[in-house]
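What the coordinates show
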Amino acid sequence: MSWNIQQAIKLLVLLILMGYFMIWIMMPTNTFYLHWLPHLYAKLNSTYLGQQGSNILIYTFPVLFIATLGCIFLHLVKYANVHDERTSKGTRFDSWSRPAIMKGPLGIVSWIELCFLFMFTALLIWSISSYTHGMFKTITRQSAAMMGVKVWQAKLQNVALMLGLVGNICLAFLFFPVTRGSSILRLFGLTSESSVKYHIWLGHAVMALFTAHGLCFIIFWADTHQLSIMLEWNKVGISIVAGEVSLLAGIAMWMTSFPRIRRKLFELFFYTHHLYIIFVVFFVFHVGFTYSCITLPGFYLFLIDRYLRFLQSQQCVCLVSARVLPCQAVELNFSKSPGLWYNPTSSVFINVPSISKLQWHPFTVTSNSNMEPEKLSIVIKSEGKWSQKLFEKLSSTTPGHHLQVSLEGPYGPSSTQFLRHDMLVMVSGGSGITPFISIIRELIYIAGSTGCKIPKVLLVAAFKKSTDLAMLELLLPLSGTNYNMSRLQIQIEAYVTRETEPLKDNQKFLKTLWLKPNASERPVSAVLGQNNWLWLGAVITSSFIMFLLLIAILNHYYIYPIDHNTGMIYSYSERAALSMLLLCVSIAVTASAAFVWNKKQKAKVQIQNNDIPTPMTSPGTGSWFNNADIELESLPFQTFTRATQVHYGVRPNLKSMLSLNSLLLLLLAKKHKYIILMNYLIFSFLKHRDICFAEIVTECEESNVGVIVSGRRRMKQEIATICSSCVGTNLHFESISFSW
């Protein structure tokens, strides 16, 4: 029954999407504007919603309905057999995820992304040509003379208008990729993290079109001696000043978003990007709320998501303990609600007010939601000013101390497919090991609690110094594990590249520190969405209904008696301001009510756990994680001792490693293998030519090798370029989150 409902939802979503995109295709035509739209306005016109009611029905309702259907669909598949999904073979669409473009301003683009990019570009070209043809057809010498302008000036004015209309198409999709808890992204197998590049592409397109739109109008006004019009804020119709303010805010965001500025002055980019509020608000003032309904759906869903994230971030979470590593890294262990579930390689954003009240930093979740139902862990390596201050604060903290932390998330992939392969090869450098910690803990859980087949594991970890070997301590959780790991076949090859031998006099220790939470702090729990899809769907639906009711009351009893749906009397700006206010009120009221209700329900469940005192000492003297300091010579600890080899003074040479030669034989003998490559280490291999990645891939081209590349864009492009020479290989590229 559940499967039938899922298929019905998919079919319904497909039909709605086809109709929605047909509207975008027909919008630039005279058929749409001169026949379809006036007919709809005549049929749907009323004293309650007026013309904006028609635009809401045409442009806004379909997308919000899809978002609600997506919430229902995700709720139905949430409790599906996870392990069956993960051990399934590849689908017919796997080859579409292979990289089609490796170099260029767009980065790595898969075939399926290239197809959608081509279709979207075709839509823009079609819109430009259709708008231009329709506008130019009506321009003659007589019509231009009646307007008091030349023919080329009339055409320039129409080109400026056309650029603004086409820019609205890009703006309509701009906010979808950055909605972190989006049901629409999950419905299509995407995450916000993997979709950020679409936001970048759309952002450049939006600002290029809008900037050209503004410049063309300025040239037209200057040549026709109408520059004074730039200071007008009309009561009815287009507001020029509002458009200028919106454009200036957009240009400020655009200029600071280019890679050179963003990487060197990230805080400038981050804070400047908050000008999106001014950009959107004054855009609505510029075109009026009725027309802005075209671009409303994406921003509406983003606003719901942003407000829910704000509610979650205002809560202080319960930080139970911290492990301080000698390599200047710390593991933070938070108490979490047992109902909170997430996949390996998920990430969270954290804020420590005592260091900075404004800065939020993303980190990989290293804990496993199945193995550790009441704990969420992250690892932070001291590599910047913020992380250095955090390490120093925890290093000087005494047991029983309190550290206030706020958390947002977790966010991560909707599913993980690596378990369908026979072998996992994980290559990491430094803190790049953090995503693998959650994967290994997931494998430990599956090996000890299910009968599922699990892949063999080869972990190749490179570190600069021997103190960095302490990162291997984190492969098991703080409380240890009771799972039977005999079925887990793991081999760990650890490399210390800047030291030729162990430092015998190095007496640095790993320290476990138990912290004392405040009574007001709560375990990490899911905000609406992710783990509460039905609640998110209820918020979307109820807020939209409330918004329509408030707009209907406002229009029927206040605006209509003045304007009578003529659009020529009541101020556009006042209508826009009131509409935006009612929209924000609707979202705030419904989302807050749902959030408070969920919080009360969770408090009832957690009240017994809150009465249990926080331990001030380690829970057992026999544990490998007691409060006594652990000497470095014991690393990696008990469970992985026999499977670990530590090499000093050399870099990993995968091509000549005996273990990899055995792996290559295995890869040639069987199919559906998996190779995971991590951050700077692979780039180092390529740079120093310690490994010829192309040769290895060529040897394995008959084995359906999947490649996950995570790290900086230039490293991904380098690897993808090398792999592109391996004709016939089935390479799958995607990114997984990790701590920088």
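For the structure itself, look to the data block above.
Residues numbered from 1 in each chain as written. Predicted model: local features only at pLDDT ≥ 70, side-chain atom pairs only at ≥ 80, totals over all residues. Heavy atoms only, no water.

**Side note on helix H16 (residues 385-395)**
Trp386, Ser387, Leu390, Phe391 and Leu394 are the residues of H16 that are buried. One side of H16 holds all its buried residues, which, seen down the axis, span an arc of 135°. (Buried < 20%, exposed > 50% of the residue type's maximum accessible area, 1.4 Å probe, protein only. Helix = DSSP H or I, 4+ residues; strand = E, 2+ residues; numbered from the N terminus. Arc of directions from axis to C-beta.)

**Brief notes about the nonpolar core**
Trp24, Phe173, Phe175, Phe279 and Phe289 are the most contacted members of the largest nonpolar core, which totals 101 residues. Examining the composition of this core, we find that 12 residues originate from one element, helix H7 (residues 151-173), more than from any other. Sequence-distant contacts of Phe279, defined by excluding residues within four places in its chain, comprise Leu171, Val206, Met207, Phe210, Ser246, Ala249, Gly250 and Met253. Counting residues in hydrophobic clusters, the runner-up holds 35 residues, among them Ile439, Cys452, Leu476 and Leu488. (Core = buried A, V, L, I, M, F, W, Y, C linked by side-chain atoms within 4.5 Å. Contact = heavy atoms within 4.5 Å.)

**A short note on the side chain of Thr211**
Residue placement: Thr211 occurs in helix H9 (residues 192-223). Residue Thr211 is classed as buried on the basis of its relative accessible area of 16%. Of the polar contacts made by the side chain of Thr211, one reaches the backbone oxygen of Met207; its length is 2.5 Å. (Polar contact = N/O pair within 3.5 Å; in protein donor to acceptor, adjacent residues only side chain to side chain.)

**Things to note about the sheet that holds strand E7 (residues 361-364)**
Strand order in this open sheet of 4 strands is E3-E9-E6-E7, and the pairing throughout is antiparallel. Pairing within the sheet leaves two strands with one partner each, and these edge strands are strand E3 (316-317) and E7. Strand direction decides the pairing type here: strand E6 (residues 347-351) and E7, joined by 4 bridges, are antiparallel. The partner of Phe349 across the bridge, within E7, is Pro362. (Pairing = 2+ DSSP bridges.)

**Quick word on the packing of aromatic side chains**
Any aromatic ring pair is given by two values, namely how distant the centres are and how the planes are angled relative to each other. Enumeration over the complete set of coordinates arrives at 31 aromatic pairs. Between Tyr198 and Trp201 the ring centres are 5.5 Å apart and the planes differ by 65°, which places this aromatic pair in the edge-to-face class. Placement of both Tyr198 and Trp201 in helix H9 is noted, with a separation of 3 residues, approximately one turn of the helix. One aromatic cluster in this structure is built from Tyr20, Phe21, Trp24, Phe120, Phe173 and Phe176. It is Lys155 that lies over the ring of Phe136; its NZ or CZ is 5.3 Å from the centre. Lying across the ring of Phe349, Arg180 places its NZ or CZ 4.0 Å from the centre. (Phe/Tyr/Trp six-rings, centres within 6.5 Å; stacked < 30°, edge-to-face > 60°. Lys NZ or Arg CZ within 6 Å of the ring centre and 35° of its normal.)

**Comments concerning the pairing of strand E5 (residues 329-335)**
Here E5 lies mainly inside the structure; 7 of its 7 residues are buried. Alternating residues of E5 divide into Ala329, Glu331, Asn333 and Ser335 and Val330, Leu332 and Phe334, and every residue in both groups is buried. As judged from the 6 bridges shared by strand E4 (residues 319-325) and E5, these two strands associate in the antiparallel manner. Its bridge partner being in E5, Leu319 is matched across the sheet by Phe334. In sequence, E4 turns back onto E5 through a hairpin of 3 residues, with Gln328 there showing a positive phi of about 60°. Of the strand pairs in this sheet, E5 and strand E8 (residues 375-381) are connected by 7 bridges, and their pairing is antiparallel. Bridge pairing links Val330 to Ile380 in E8.

**So, the environment of Lys456**
Topologically, Lys456 is positioned in strand E11 (residues 456-463). C-alpha of Lys456 to C-alpha of Gln489: the two residues are 33 residues apart in sequence and 5.1 Å apart in space. Excluding its chain neighbours within four sequence positions, the residues that come into contact with Lys456 are Asp422, Met423, Leu424 and Gln489.

**Overview of the pattern of salt bridges**
Counted under the stated rule, the structure contains 8 salt bridges. Glu113 is paired through a salt bridge with Lys197; the nearest N and O atoms lie 2.9 Å apart. Pair noted here: Glu113 is in helix H5 (residues 111-136) and Lys197 is in helix H9, with a separation of 84 residues, a long-range link. Taking relative accessible area as the criterion, Lys197 reaches 21% and is therefore assigned partly exposed. The residue Asp305 makes a salt bridge to Arg309 at a minimum N-O spacing of 3.1 Å. Pair noted here: Asp305 and Arg309 are both in helix H15 (residues 296-313), with a separation of 4 residues, about one helical turn. As far as the burial class goes, Asp305 and Arg309 line up, both buried. (Salt bridge = Lys/Arg side-chain N within 4 Å of Asp/Glu carboxyl O.)

**A short note on the packing of helix H10 (residues 240-255) against helix H13 (residues 276-287)**
Packing of H10 against H13 brings their axes to within 8 Å, and their N-to-C directions diverge by 155°. It follows that H10 is roughly antiparallel to H13 by the angle criterion. Both H10 and H13 take part in a crossing whose hand is left-handed. Judged by residue contacts, Ala242, Gly243, Val245, Ser246, Ala249, Gly250 and Met253 of H10 engage Tyr276, Ile278, Phe279, Phe282, Phe283, Phe285 and His286 from H13. Of the residues assigned to the contact of H10 with H13, the class counts are 10 nonpolar, 4 polar and no charged. (Axes fitted to C-alpha atoms, helices over the stretch in contact; angles between N-to-C directions. Parallel < 35°, antiparallel > 145°, perpendicular 65-115°, else oblique. Left-handed = near helix turned anticlockwise from the far one by under 90°. Nonpolar A, V, L, I, M, F, W, Y, C, P; charged D, E, K, R; others polar.)

**Remarks on unusual backbone geometry**
Note: most residues except glycine have negative phi, and most peptide bonds are trans. In this model, Gly409 is joined to Pro410 through a cis peptide bond whose omega is 5°. One non-glycine residue with positive phi stands out, namely Asn565, at about 60°. Structurally, Asn565 is set in the loop between helix H18 (533-563) and helix H19 (572-610).

**Structural notes on the environment of Leu74**
Here Leu74 shows up in helix H3 (residues 50-78). A relative accessible area of 8% means that Leu74 is categorised as buried. It is 6.6 Å that separates the C-alpha atoms of Leu74 and Trp533, two residues lying 459 residues apart in sequence. For Leu74, the contacting residues outside a window of four places in its chain are Ser183, Arg186 and Trp533.

**Details of the pairing of strand E12 (residues 490-496)**
Most of E12 is tucked away: 6 of the 7 residues are buried. Two elements, E11 and E12, share 7 bridges in a ladder whose sense is parallel. What sits directly across from Ala462, in E12, is Tyr495.

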